[in-house]
Amino acid sequence: MKKLYYVLTALVCVLMLFSCAPILNKAPNKPTNPTPANGASNVPINVTLKWEATDPDGDTLKFDLYFGEQSNPPLKESNLTTKSYGPLELENDKTYHWKVVAKDPDGKTATSPVWSFSTGALVPIPGSFIVVEYNTGSAVEGATVVIKNGEDILAQGTTNEKGEVTFNVRGFPEKIDVELKKQEYALSKIEGLKVEDIVGDFKEVQLRTAKLSTDPDSQTFPEVTLIFFDLDGNELDTTNITDNFTLRVNVETDNHPSTIYAKIGNVPGAGFLGERKLASDTKTATFTNIDVSTYYGEVPLYVVFYDYNDNRVEEIEYITINRQVEEVEGRLFVPVSPVDFGYVGIVSYTRNQGVEFYSRDKIIEIASEKVSDYTRNNLPKGLNPLKNFGKSLEAAPKGTNLWIEISWLDYDTLNSYGLVGPNVVRPDGYNVYRSFDGVNYRKIATVGSGYYLDPSAQNEVGKKAWYAVSSYRGTEESELVALGSVVPLDSFNVNLKSPADRATNVSRQPTFVWEPTKELTSPESDVEYYYTMWIYDLVHSENYIFPGILEEDTVYMYDFATVGATEVSVTFKGNEGSPEYEDLSWFLYLSDGIYFYGDIELEPGKTYDWGVDYAYAVSYDSDSLAWSIAIDYGWDIDPLGGVMPEIQNEFTTGE
């Protein structure tokens, strides 16, 4: 009993001891569940940090935030009363570290682990270049393209098989210079290009085959200087041009100067590609009274210089035109699609042989006359070939030309026919737009009338291009008018099969056989091929024999037409015609006129040449035509003047 008493007494003392002692306070729990999550990537740069934290005693907590790029981050903010902080203003493509210290009123603390996250990388801004040998010509692969700001190199790349190279232009200055080099080629440079002009788009530039020195490292870039004057001769502020002006171009070059071109709005070139200012064989040119009537606001002025090695500098000056636009009542004229009048407004051309534009100060022409001017102008009345014989252009041995011509009915055209209604305001000009998906259009040109030739290297064989046009006056622009689309055709050539070249003992009634070298296709229509051929009796005579049709008193060349790339054959039957083709006869072209070929056979033991005189293919739909011209030996099918045949077969008839 006494022992139990002592135990109870001790227990009471222990209970009394604890009841009299102060209660112990617990520390906060460690902060958890961070946002962004630990190790997160591609976090937005304006992120808000969040976390969770509790206290076992239910105390109100405060927080110290440590944040920075260091793995042991410094203190960012003290005594936060919320479980979040932000939004922050961070940088892209960075890794940040952070931790949170929770504090209760009694000074007890708990520290989270060090968390980290990475912000998203800067989205690249693409800017691209296409390098071609000549306007509308083939691509230059393997060219070195260097982007510079003054003497500082910003980026460097090499063109691919399409002549393309793309850079990430994010962080580039407002304007850049571009230098291009390749062995066997002349130098090429662009100065003063605005980066915004190539964002998400291509800038096309020429790199021409060298004419004098094939080592670009032996050449130096010409230096081009531009000075602007008003029409009274005073120097002009290019940020405020109110009227026509004068431009002086000064060039320093080691080689003899070839050509200086100048144009507002588009890169200038040969006259075939549009109007421009031109000066030849000079280091100084003064272009007076440059017309600004079709421009408003900031527009680029392009000056292109070539020396005799074909080193090229394209100088760009962005000028601001603030001419006065008279206020008039009425609605702005809206362009009209040719389709509304029953004809197409988009025509693409692919030429089998590439003509090099910018060849000195004009396209070099050479004579390809079949007959003399005297013969052409003194034919007997009523006996005329289908078209006048013309001249061909000196063509490069490789490459092709591809361009697209766009037309629409403009104000002046419709007004001349009395088709413009009342209160319709004449525009200053027209904006041309192009799309490669039929949805997203980009402005490619500003012109003063209803025509534009698009020489862009972005146009490719088999690649559909849509076009639209608007009118504008001052800052007002009309709605876009869709003109349609076109798919350019591939190039082809002609294979002369029979009689073969150098063939002997050939029948005096030979069968001439040829075929296209390539099957062309188009989503717009079946591709149609057209040909004619000539027999050249020039070894022993000066005669020409050709298939034709006599209608009333006029002789027309016979047009051999096929749908698809099929073989063509025609047998020579002289005055009996050709049984394969109804109404076909053979005619003799002499210096004094055209006559029926009198015999039914060619002469025995005689050497002739034969060849296809024109060969072209065409596809079409309701709004466009696509031409592919393989041969045009003086028949005015090719807008540039002709495509010379690459071969004619020689044969000798049997005795």
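For clarity, every value in this text was computed on a predicted model and none was experimentally measured.

Examining the overall build of the protein
Working step 1: Helix and strand counts for the protein stand at 3 helices and 48 strands.
Working step 2: By residue count, 50% of the 655 residues in the protein fall in the buried class.
Working step 3: Long-range contacts, defined as pairs at least 24 residues apart, comprise 70% of the intrachain contacts of the protein with a sequence gap of at least 6.
Working step 4: Surface accessibility of the protein: about 31,300 Å² in total, with carbon and sulfur atoms responsible for 47%.

Thoughts on a negative patch on the surface
Working step 1: Together, Glu-551, Glu-552, Asp-553, Glu-582 and Asp-583 make up a negatively charged patch on the protein surface.
Working step 2: Its location among the elements puts Asp-553 in the loop between β40 (543–551) and β41 (554–557).
Working step 3: With a relative accessible area of 59%, Asp-553 lands in the exposed category.

Some remarks on the sheet that holds strand β16 (residues 202–206)
Working step 1: Strand order in the open sheet made by the 3 strands is β13-β10-β16, with mixed pairing throughout. Edge strands, defined here as strands with exactly one partner in the open sheet, are β13 (164–168) and β16. Between one strand and the next, the sheet's axes are offset by a mean angle of 25°, whatever the strand orientation.

Section: the environment of Ala-186
Working step 1: Tracing the sequence through the fold places Ala-186 in the loop between β14 (175–181) and β15 (188–194).
Working step 2: For the pair Ala-186 and Pro-216, spaced 30 residues apart in sequence, the C-alpha to C-alpha distance is 6.0 Å.
Working step 3: Filtering out sequence-adjacent residues up to four positions away, Ala-186 remains in contact with Leu-207, Arg-208, Thr-209, Ala-210, Asn-309, Asp-310 and Asn-311.

Considerations on the sheet that holds strand β1 (residues 32–35)
Working step 1: Taken together, 3 strands build an open sheet; the order of strands is β1-β3-β6 and the sheet is antiparallel. The open sheet terminates on both sides in strands that have one partner only, identified here as β1 and β6 (84–85).
Working step 2: With 2 bridges connecting them, strand β3 (residues 49–52) and β6 associate as antiparallel partners. Paired with Lys-50 across the two strands is Ser-84, which belongs to β6.

Structural notes on the nonpolar core
Working step 1: One finds Phe-512, Trp-514 and Trp-586 to be the most contacted residues of the largest nonpolar core, which totals 55 residues.
Working step 2: A total of 5 residues in this core trace back to one element, the largest contributor, which is strand β46 (residues 607–620).
Working step 3: The contacts of Phe-512, once residues within four sequence positions are left out, are Ser-498, Pro-499, Met-533, Ile-535, Val-568, Ser-569, Val-570, Phe-572, Trp-586, Trp-610 and Phe-651.

Observations regarding the packing of aromatic side chains
One pair of aromatic rings is described through two measures. These are the centre distance and the angle between the planes.
Working step 1: The final tally for this structure, using the stated rule, is 39 aromatic pairs.
Working step 2: Relative to Trp-627, the ring of Tyr-616 lies with its centre 5.3 Å away and its plane at 35°, an arrangement referred to as tilted. Here Tyr-616 is found in strand β46, whereas its partner Trp-627 is found in strand β47 (residues 624–632), with 11 residues between them in sequence.
Working step 3: Note on Tyr-616: relative accessible area 12%, which makes it buried.
Working step 4: Stacked on the ring of Phe-436, the Lys or Arg Lys-463 has its end atom at 4.0 Å from the ring centre.

Overview of the pattern of salt bridges
Working step 1: Scanning the entire structure with this criterion turns up 26 salt bridges.
Working step 2: In this structure, Asp-310 and Lys-211 form a salt bridge, with 2.8 Å as the shortest nitrogen-oxygen distance. Of this pair, Asp-310 sits in the loop between β22 (297–307) and β23 (312–321) while Lys-211 sits in the loop between β16 and β17 (223–230), placing them 99 residues apart in sequence.
Working step 3: Since its relative accessible area comes to 1%, Asp-310 is described here as buried.
Working step 4: Taking the relative accessible area as the measure of exposure, Lys-211 reaches 37% and is therefore partly exposed.

Concerning the side chain of Asn-431
Working step 1: Mapped onto the secondary structure, Asn-431 falls in strand β30 (residues 429–435).
Working step 2: Accessibility expressed as a relative area gives 5% for Asn-431, which makes it buried.
Working step 3: Within the structure, the side chain of Asn-431 is placed 3.1 Å from the side chain of Thr-446, a separation counted as a polar contact.
Working step 4: Filtering out sequence-adjacent residues up to four positions away, Asn-431 remains in contact with Lys-443, Ala-445, Thr-446, Ala-468, Val-469, Ser-470, Tyr-472 and Glu-477.

Remarks on the layout of surface pockets
Working step 1: The calculated volume of the second largest pocket comes to roughly 690 Å³.
Working step 2: For the second largest pocket, the lining is made up of 25 residues, of which Lys-263, Glu-275, Arg-276, Tyr-295 and Gly-448 are closest to its centre.
Working step 3: Among the residues forming the lining of the second largest pocket, the class breakdown is 12 nonpolar, 8 polar and 5 charged.

Quick look at a nonpolar patch on the surface
Working step 1: A cluster of nonpolar residues, Phe-341, Tyr-343, Tyr-417 and Leu-419, forms a patch on the protein surface that exposes about 490 Å² of accessible area.
Working step 2: Relative to the helices and strands, Phe-341 is located in the loop between β24 (331–332) and β25 (346–351).
Working step 3: Exposure remark for Phe-341: the relative accessible area of 47% places this residue in the partly exposed category.

Concerning the environment of Ser-71
Working step 1: Assignment of secondary structure puts Ser-71 in the loop between β4 (62–68) and β5 (75–80).
Working step 2: A residue is classified by how much of its surface remains accessible, and Ser-71, at 56% relative accessible area, is exposed.
Working step 3: Along the primary structure Ser-71 and His-97 are separated by 26 residues, whereas in three dimensions their C-alpha atoms are 5.9 Å apart.
Working step 4: In contact with Ser-71, not counting residues within four places along its chain, are His-97 and Val-114.

Digging into unusual backbone geometry
Most of the time, phi is negative for any residue but glycine, and the peptide bond is trans.
Working step 1: A cis amide bond, omega 5°, links Thr-35 with the succeeding residue Pro-36.
Working step 2: Topologically, Pro-36 is positioned in the loop between β1 and β2 (40–43).
Working step 3: Looking along the chain, the bond that leaves Ser-498 and enters Pro-499 is cis, with omega of -5°.
Working step 4: One non-glycine residue, Glu-184, lies in positive phi territory at about 80°.
Working step 5: Along the chain, Glu-184 turns up in the loop between β14 and β15.
Working step 6: A positive phi angle, near 60°, is found at Asp-636, a position not held by glycine.
Working step 7: Position of Asp-636 among the secondary structure elements: in the loop between β47 and β48 (649–653).

Topic: the pairing of strand β7 (residues 95–103)
Regular strands place side chains that alternate from one sheet face to the opposite one.
Working step 1: With 7 of 9 residues buried, β7 is to be regarded as a mostly interior element.
Working step 2: Strand direction decides the pairing type here: β4 and β7, joined by 7 bridges, are antiparallel. Paired with Gly-68 across the strands is His-97, a residue of β7.
Working step 3: The sheet contact formed by β7 and strand β9 (residues 115–119) spans 4 bridges and is antiparallel. Paired with His-97 across the strands is Ser-116, a residue of β9.
Working step 4: Where β7 lies against strand β8 (residues 109–111), 3 bridges are found, and the strand directions are antiparallel. Within β8, the position partnered with Val-101 by the bridge is Thr-111.
Working step 5: Between the antiparallel neighbours β7 and β8 lie 5 residues, among them Gly-107 with a positive phi of about 90°.

What counts, and where the lines are drawn
Residues numbered from 1 in each chain as written. Predicted model: local features only at pLDDT ≥ 70, side-chain atom pairs only at ≥ 80, totals over all residues. Heavy atoms only, no water. Helix = DSSP H or I, 4+ residues; strand = E, 2+ residues; numbered from the N terminus. Buried < 20%, exposed > 50% of the residue type's maximum accessible area, 1.4 Å probe, protein only. Contact = heavy atoms within 4.5 Å. Areas by Shrake-Rupley, 256 points an atom, 1.4 Å probe, with all protein chains shown as cover. Patch = residues over 30% accessible without salt bridge, like charges linked within 9 Å, V, L, I, M, F, W, Y side chains within 5 Å. Salt bridge = Lys/Arg side-chain N within 4 Å of Asp/Glu carboxyl O. Lys, Arg positive; Asp, Glu negative; His and termini not counted. Charge placed at Lys NZ, Arg CZ, Asp CG, Glu CD. Pairing = 2+ DSSP bridges. Axes fitted to C-alpha atoms, helices over the stretch in contact; angles between N-to-C directions. Core = buried A, V, L, I, M, F, W, Y, C linked by side-chain atoms within 4.5 Å. Phe/Tyr/Trp six-rings, centres within 6.5 Å; stacked < 30°, edge-to-face > 60°. Lys NZ or Arg CZ within 6 Å of the ring centre and 35° of its normal. Polar contact = N/O pair within 3.5 Å; in protein donor to acceptor, adjacent residues only side chain to side chain. 1 Å grid on protein atoms, 1.4 Å probe; cavity = no way out; pocket = protein on both sides within 12 Å on 5 of 7 lines; lining within 4 Å. Points joined across faces, edges and corners; volume = space filled by probe spheres on them. Nonpolar A, V, L, I, M, F, W, Y, C, P; charged D, E, K, R; others polar.

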